[in-house]
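Each chain, letter by letter, is given below.
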Amino acid sequence: MSSIQIPRRRFLALGAAGFGASLLAGCDRLSESPEVGEFLSSAEGLTYRAQRLLGGSHSLAREYAEADLSPVFKVNGTHMPEGDDYAELVESNFARWRLRIDGLVANPLDLSLQDLRNLPQRTQITRHDCVEGWSAIGKWQGVPLSIVLKRASPLPEARFAVFHCADMYEHALDGTGQYYESIDLIDAFHPQTILAHRLNDGPLSVGHGAPLRLRVERQLGYKQAKYVMRVELAASLEGFGRGKGGFWPDRGYEWYAGI
Ligand SMILES: Nc1nc2c(c(=O)[nH]1)N[C@H]1C(S)=C(S)[C@@H](COP(=O)(O)O)O[C@H]1N2
Ligand SMILES: [Mo]
């Protein structure tokens, strides 16, 4: 980490001099909110700004060929959520599972797996990078999140999509052990952001997040929420977990985990 700290600070000084803020202001309405403005001027906001400035808000993560697929895609973090509720869902092959889309939307939705399969699909072969130092290339298929969100009609105040997961990752004393993640609406509407129900031409296994997990391809592994049960649109990340926008961000990792 220490090797990149000095150039980062220099870049931050450049950003403060004006070029970063003004360019970004032109490309998304998010930067107008005070909360996001504060974030953008922080050190972490630097990778977020840099990615959008240098790459453009809709630049694509690299996609690979079938020949590049990793022979094994490791299972990491939760291997199976605890509790009877999830076990029953597995037993019934997720027949009673529904994805809830709610929060700041005009039209909340409850979607079955079949509903999701009936929507337009996207397939992408991408590389997953975990902060623990391993990577794997996998082929994901699912519904672009943009398609689902458009059907739910986000309200103008919506700024973030929060993903609520089925796994209680840690029995934290303050009750914040539930796995969750969040992304801004730029990433939520990015063409490679999908709700994936297939990996490598088979249904998503329990280990990889069955029945549905997020793929947000320009960010690190821990953003790729598995066991997604509910997507809630929100104006702020306050009030979720410990307020930093994700299970790992609440524990010191960056919220915007750009690759
Ligand atoms: N719900 C949930 N999502 C999660 C995790 C988890 O433990 N629970 N682990 C994260 C981490 S750190 C990584 S690297 C990937 C691992 O996904 P995989 O098991 O499909 O390799 O999922 C991410 N999403
Ligand atoms: Mo990870």
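In this text the structure is predicted, and so the values were computed from the model without any measurement. (Residues numbered from 1 in each chain as written. Chains lettered and ligands numbered in written order. Predicted model: local features only at pLDDT ≥ 70, side-chain atom pairs only at ≥ 80, totals over all residues. Heavy atoms only, no water.)

Trainee: Explanation requested: the site of ligand 1 in the structure shown.
Mentor: Around ligand 1 sit 22 residues, and of these K74, D167, Y169, H208 and K226 come closest. Residue K74 places a main-chain N or O atom 2.6 Å away from an oxygen atom belonging to ligand 1. The separation between a nitrogen atom of ligand 1 and a polar side-chain atom of D167 is 2.7 Å. Classifying every residue of the shell around ligand 1 gives 10 nonpolar, 8 polar and 4 charged. (Near = heavy atom within 4 Å. Polar contact = N/O pair within 3.5 Å; in protein donor to acceptor, adjacent residues only side chain to side chain. Nonpolar A, V, L, I, M, F, W, Y, C, P; charged D, E, K, R; others polar.)

Trainee: What should I look at first to understand the confidence of the model for the protein chain in this one?
Mentor: The predicted coordinates should not be examined in detail at positions where pLDDT is low. Confidence along the protein chain averages 87 in pLDDT terms, with 83% of residues attaining 70 or more. Contacts for the low-pLDDT stretch residues 1-31, under 50 throughout, to residues beyond four places or in other chains number 38 contacts. (pLDDT = per-residue confidence, 0-100. Contact = heavy atoms within 4.5 Å.)

Trainee: What should I look at first to understand the sheet that holds strand β5 (residues 160-168) in this one?
Mentor: By way of backbone hydrogen bonds, the strands of a sheet pair with one another, either parallel or antiparallel. One open sheet holds the 5 strands; their spatial order is β2-β1-β10-β5-β6, and the pairing between them is mixed. Looking along the sheet, the strands with just one partner apiece sit at the ends: β2 (109-111) and β6 (178-184). Sheet twist, expressed as the mean angle between neighbouring strand axes with direction ignored, is 20°. Where strand β1 (residues 99-103) and strand β10 (residues 228-234) come together, 4 bridges link them in parallel fashion. Each bridged residue has a counterpart across the sheet, and for R100 the counterpart in β10 is R230. Sitting on the sheet, helix α7 (residues 145-152) is in contact with β1, β2, β5, β6 and β10, with an inclination near 135° to β2. (Pairing = 2+ DSSP bridges. Helix = DSSP H or I, 4+ residues; strand = E, 2+ residues; numbered from the N terminus. Axes fitted to C-alpha atoms, helices over the stretch in contact; angles between N-to-C directions.)

Trainee: Would you mind showing me how to read the pattern of salt bridges here?
Mentor: Oppositely charged side chains can pair when the atoms bearing their charge come close. One pass over the full model with this rule turns up 12 salt bridges. Of the charged contacts in the structure, one is a salt bridge between R100 and D110, with a shortest N-O distance of 2.8 Å. With a gap of 10 residues between them, R100 in strand β1 and D110 in strand β2 connect regions that are remote in the sequence. Here R100 falls in the partly exposed class, since its relative accessible area comes to 31%. Among the ionic pairs, D174 bridges to R242, the shortest N-O distance being 3.0 Å. (Salt bridge = Lys/Arg side-chain N within 4 Å of Asp/Glu carboxyl O. Buried < 20%, exposed > 50% of the residue type's maximum accessible area, 1.4 Å probe, protein only.)

Trainee: For this particular structure, what's the right way to read the environment of S59?
Mentor: Of note, S59 is situated in the loop between α4 (45-55) and α5 (84-91). For the pair formed by S59 and R218, sequence separation is 159 residues and the distance between their alpha carbons is 9.1 Å. When neighbours within four sequence positions are excluded, S59 is seen to be in contact with H190 and R218.

Trainee: Can you help me understand the nonpolar core in this one?
Mentor: Ranked by internal contacts, the top residues of the largest apolar core, which has 39 residues, are W97, L99, I101, L116, V148, F163 and L195. Looking at this core, the element that brings in the most residues is α7, giving 4 residues. Setting aside chain neighbours within four positions, we find L116 in contact with W97, L99, L111, Q121, V143, V148 and L212. Counting 11 residues, the second-largest nonpolar core is a separate cluster that includes Y180, I186, A234 and L237. (Core = buried A, V, L, I, M, F, W, Y, C linked by side-chain atoms within 4.5 Å.)

Trainee: I would appreciate a short explanation of the environment of G209 in the present structure.
Mentor: With respect to the helices and strands, the residue G209 is situated in the loop between β8 (202-203) and β9 (213-215). Judged by relative accessible area, which is 0%, G209 ranks as buried. Residues G209 and V228, spaced 19 residues apart in sequence, show a C-alpha to C-alpha distance of 7.7 Å. Among residues more than four places away in sequence, those in contact with G209 are L204, K226 and Y227.

Trainee: When you look at α7 in this model, what are you seeing that I'm missing?
Mentor: Structural remark: α-helix, 3.6 residues per turn; residues separated by three or four positions point the same way. Inspection of α7 places L145, S146, V148, L149 and A152 among the buried residues, and these make up the whole buried set. For α7, the angular spread of the buried residues around the axis is 165°, confining them to a single face. The exposed residues of α7 that point more than 90 degrees off its buried face are K150 and R151. Downstream of α7 by one or two residues, S153 has phi in the positive range, about 55°. (Arc of directions from axis to C-beta.)

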